[in-house]
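Breakdown of the fold
Below are the chains, spelled out letter by letter.
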Amino acid sequence: MIKSVLNELGPCLTSSLSKHLSEKKGISRAAARKQVERATASGEIKILKDLNFAHNASFAYLQKQYGTKFFNDNLFTAMEEARSVLRLPLAAMRARGGCIPDSLFATISGLPIKRSHQFDSEQLKEKLVKLGLIEQDGAFLKFGTKDVITPAQVNARLQAEMTVLSGFSGWLKGQRLIGNQMSLRFEENVPQFGFYQWDFVAPSYVAPLATRSKAKATPGFVVADIMLGREIKAREVQYFLDKCANIRSIKTNRPFMAFMIADWFEQDALDLAQAKGVVFTTPKTLFGQKFSDALESLRKTLEDKEVQLSQQAAQLANFLEVTEELTTMKSMQDNLRGQLFEVMVGHCYQKEHGGTVLHGKHFPDVSDSTKKLDCDVLQLTPGTYLRACECKGYKGTTKVTVDDAKKWFTKTTPAIRQQHDVQDYPNQEFSFWTSGEFEEDAIVWITDFAQRCKKYSVTTCAGKECEDKIKKWGDDTIKDAYKRWFKPTLVKREKMTKEEYEASQVAAATSVNQF
């Protein structure tokens, strides 16, 4: 009887189930509660353990309902009515397709980061895992068992979001709202403001955010979060609104302007944003329809497992052409150029070595697991080989610094090795590719490091060697894109007259004689 009632009602609070039983069977509420208790004890129906609601009610469901959209919707409704803090990250995770990188949980939790004597984002994650509401799957967190997007789709969205965040930072700089100082998602310096984590944080010296005295100017801040891929409902951005409200409730915090970026918003979300004094905007509003269409096409290409790396390169190159028309897009173009170079290097690895090639994998720092380090290209052949590569795609002959080299070989490399047992990958190679060159001190340091390193191979590829490899393994699309976006622009020199040549020789001789 109870099973059929729960099948009809759907997952719900035990208090609602008892009430329905009482009305349907004409029995007292006390007798109905006893029936629910017996059904729970016998395993006829399930309840979410360690998750209690008002008046000792629990959330009841049938095993076949667990993880379904019906289950999630009813659970959200129950949590919203109870104003449970658990609803905040779950709603945001559902908006993201049910799967996020572990490192993003603090951003969407709606809670501060590691505060003493206060329930924080890490404790919230542990509680949700314990309740079985979210699952830890390597570097990802998953919510629900049905219609969860794949890690490949997650990475495609993350790349699109990072592209927009780069453009957003350029747009803010173009308006003179911020300067060069900023923190973006996945960077070593995690974007934080007001004890909360964000996708973007930058100080602003523009009034009324900043205050000035005779001694100095104290900045306010611009913060932003981003969720691309679907239309956003009000409940799915409640975590963002809670962060803003909690920071503003503490009078000692600096003034700030908050942006939420998504492809679309439902009207109730836009109305709520206006009421709360925050800005909800879209890539189309910021950068135009042509940009928005190109971004959506790029994201779908990156999400498609069947699409070849050469096709991804073509889409990235096309997107670069679109952004070149926007004057404030330099930071975005640099980001896209970097992504394009990574895809080109990954294509070379796949053609030369085979196996599985992954892009943009994140690994916890060996010395601080809260920080994530990025691997641009990871080629895996289980049982034999692991190859990992850091990529720096530059226009022209920009040089890789020794600090860049040290970070890759002494910080990121150990993080990757920690997650890949040498028994599974007995042969390991860590490389640094650049379309530019290495500074002299970087060459000296890498050479010395490679000679001392006995556990794995250390290699580099730069300049002409890099171009030759991409020409060897790339198709016409990749070759054309490399020539367009990475080869230095040659300036055509006008032919000198005889008088101009003689004058230049005199000037050069005079300059030499001064030394």
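Within each chain, residues carry numbers counting from 1 in the order of the written sequence. pLDDT decides what is reported in this predicted model: residues at 70 or higher carry local features, side-chain atom pairs at 80 or more are listed and counted, and totals for whole chains, interfaces and linings draw on all residues regardless. Side-chain numbers here rest on the full set of heavy atoms in the structure, without hydrogens or water.

1. Quick notes on the overall build of the chain
This is how it is decided: By definition, any uninterrupted DSSP run of H or I lasting at least four residues is a helix, any uninterrupted run of E lasting at least two residues is a strand, and each is numbered from the N terminus. Working definition: with a 1.4 Å probe on protein chains only, accessible area under 20% of the residue-type maximum means buried, over 50% means exposed, and in between means partly exposed. Should any heavy atoms of two residues lie within 4.5 Å, those residues are counted as being in contact. The Shrake-Rupley method, run with a 1.4 Å probe sphere, supplies the accessible areas, and residue values consider only the shown protein chains as cover.
In terms of regular secondary structure, the chain is built from 19 helices and 22 strands. Projected onto its principal axes, the C-alpha positions of the chain cover 110 × 65 × 45 Å. Classification of the 515 residues of the chain by burial places 49% in the buried group. Within the chain, contacts between residues at least 6 apart in sequence are counted, and of these 63% link residues at least 24 apart. A total of about 25,600 Å² of accessible surface is found on the chain, and carbon and sulfur atoms cover 49% of it.

2. Considering the packing of aromatic side chains
The geometry of an aromatic ring pair comes down to the distance between the two centres and the angle between the two planes. Condition: Side-chain rings of Phe, Tyr and Trp, where Trp is taken by its six-membered ring, are said to pair if the distance between their centres is within 6.5 Å; with planes under 30 degrees apart they count as stacked, over 60 as edge-to-face, and otherwise as tilted. For a lysine, the NZ atom is tested; for an arginine, the CZ atom; a charge sits over a ring if that atom is within 6 Å of the ring centre and within 35 degrees of the ring normal.
Counted by the stated rule, this structure contains 23 aromatic pairs. Taking the centre distance of 6.5 Å and the plane angle of 65° together, the rings of W408 and F409 count as edge-to-face. Note on F409: relative accessible area 1%, which makes it buried. Cluster of aromatic residues (ring-pair linked, three or more members): W408, F409, F430, W445, F449 and Y456. A cation sits over an aromatic face here: R387 above Y385, 3.7 Å from the ring centre. Note that R484 overlies the ring of W485, its terminal NZ or CZ placed 4.0 Å from the centroid.

3. Re the sheet that holds strand β22 (residues 457–462)
Here is the rule we go by: We treat two strands as partners when DSSP finds at least two bridges between them. A fitted line through C-alpha atoms represents every axis, and for helices the fit uses only the stretch in contact; the resulting angles, taken between N-to-C directions, go from 0 to 180 degrees.
With respect to topology, five strands assemble into an open sheet ordered β16-β17-β18-β20-β22, the strand pairing being mixed. The open sheet is flanked by β16 (356–364) and β22, the only strands paired with a single partner. Between one strand and the next, the sheet's axes are offset by a mean angle of 30°, whatever the strand orientation. Relative to strand β17 (residues 372–381), β16 runs antiparallel, the two being bridged by eight bridges. Within β17, the residue paired with P364 across the bridge is K372. Contacts from helix α14 (residues 330–353) reach β16, β17, β18 (385–392) and β20 (427–434) within the one sheet, and its direction differs from that of β18 by about 155°.

4. Structural notes on the pattern of salt bridges
The line we're drawing: Salt bridges are identified by distance alone: a Lys or Arg side-chain nitrogen within 4 Å of an Asp or Glu carboxyl oxygen.
Throughout the structure, instances matching the rule amount to 17 salt bridges. With a closest N to O distance of 2.8 Å, K464 and D468 form a salt bridge. Of this pair, K464 and D468 both sit in helix α17 (residues 463–473), four residues apart, roughly one helical turn. On the basis of relative accessibility, which here comes to 53%, the residue K464 falls in the exposed class. According to the relative accessible area criterion, D468 is partly exposed, its value standing at 35%. Taken together, the salt bridges that share partners define one network made up of R96, E161, R185 and D199.

5. Thoughts on unusual backbone geometry
Residues A207 and P208 are joined by a peptide bond in cis, for which omega reads 5°. Residue placement: P208 occurs in the loop between β10 (200–204) and β11 (211–212). With a phi close to 70°, F195 is a non-glycine residue in the positive phi region. Inspection of the secondary structure assignment puts F195 in the loop between β8 (192–193) and β9 (196–197).

6. A short note on the nonpolar core
Threshold: As used in this record, nonpolar core signifies buried Ala, Val, Leu, Ile, Met, Phe, Trp, Tyr and Cys residues forming a set joined through side-chain atoms within 4.5 Å.
One finds F200, F240, F280 and L340 to be the most contacted residues of the largest nonpolar core, which totals 115 residues. Ranked by size, the runner-up nonpolar core spans 27 residues in total, among them L386, A405, F409 and F432.

7. Description of the pairing of β20
Counted residue by residue, β20 has seven buried out of eight residues, so it is predominantly covered. As paired strands, β18 and β20 are joined by eight bridges and run parallel to one another. Looking at β20, one finds that L386 is bridged to Q428. Relative to β22, β20 runs parallel, the two being bridged by six bridges. Counted as the bridge partner of F432 is T460 from β22.

8. Some remarks on the packing of helix α8 (residues 151–174) against α14
To keep things clear, this is the line we draw: Angles below 35 degrees are treated as roughly parallel, those above 145 as roughly antiparallel, those between 65 and 115 as roughly perpendicular, and all remaining angles as oblique. Three categories are distinguished: nonpolar for Ala, Val, Leu, Ile, Met, Phe, Trp, Tyr, Cys and Pro, charged for Asp, Glu, Lys and Arg, and polar for the others, with Gly belonging to the last.
Taken N-terminus to C-terminus, the directions of α8 and α14 make an angle of 155°; their axes are 7 Å apart at the nearest point. Taken together, the axes of α8 and α14 lie roughly antiparallel to each other. Taken together, the residues of α14 that come into contact with α8 (itself represented by Q159, M162, T163, V164, S166, G167, S169 and G170) are S331, M332, N335, L336 and Q339. Split by residue class, the contact of α8 with α14 holds four nonpolar, nine polar and no charged.

9. Quick word on the packing of helix α15 (residues 402–418) against helix α16 (residues 440–452)
Axis separation between α15 and α16 bottoms out at 8 Å; the angle between their running directions is 25°. Relative to α16, the element α15 lies roughly parallel. Each of V402, A405, K406, F409 and T410 in α15 lies in contact with α16, whose residues at this interface are D441, A442, W445, I446 and F449.

10. A look at helix α1 (residues 2–9)
To keep it simple, the criterion reads: Each direction from the helix axis to a C-beta atom contributes to the arc, which is the arc of those directions.
Three or more residues of α1 are buried, namely I2, V5 and L6. With its buried residues spanning 95° around the axis, α1 presents them on a single face. Those residues of α1 that are buried lie in contact with β1 (12–13), α2 (14–25), α3 (29–42) and β3 (58–61). In the segment just after α1, G10 is the residue with positive phi, at about 90°.

11. Quick word on the confidence of the model for the chain
For clarity, the threshold we go by: A residue's pLDDT is simply how confident the predictor is in it, with values from 0 to 100.
Here the chain averages 86 in pLDDT, while 92% of its residues score no lower than 70. Contacts for the low-pLDDT stretch residues 490–495, under 50 throughout, to residues beyond four places or in other chains number one contact. Confidence drops under a pLDDT of 50 for residues 506–515, and excluding neighbours within four residues, the segment shows zero contacts in the predicted structure.

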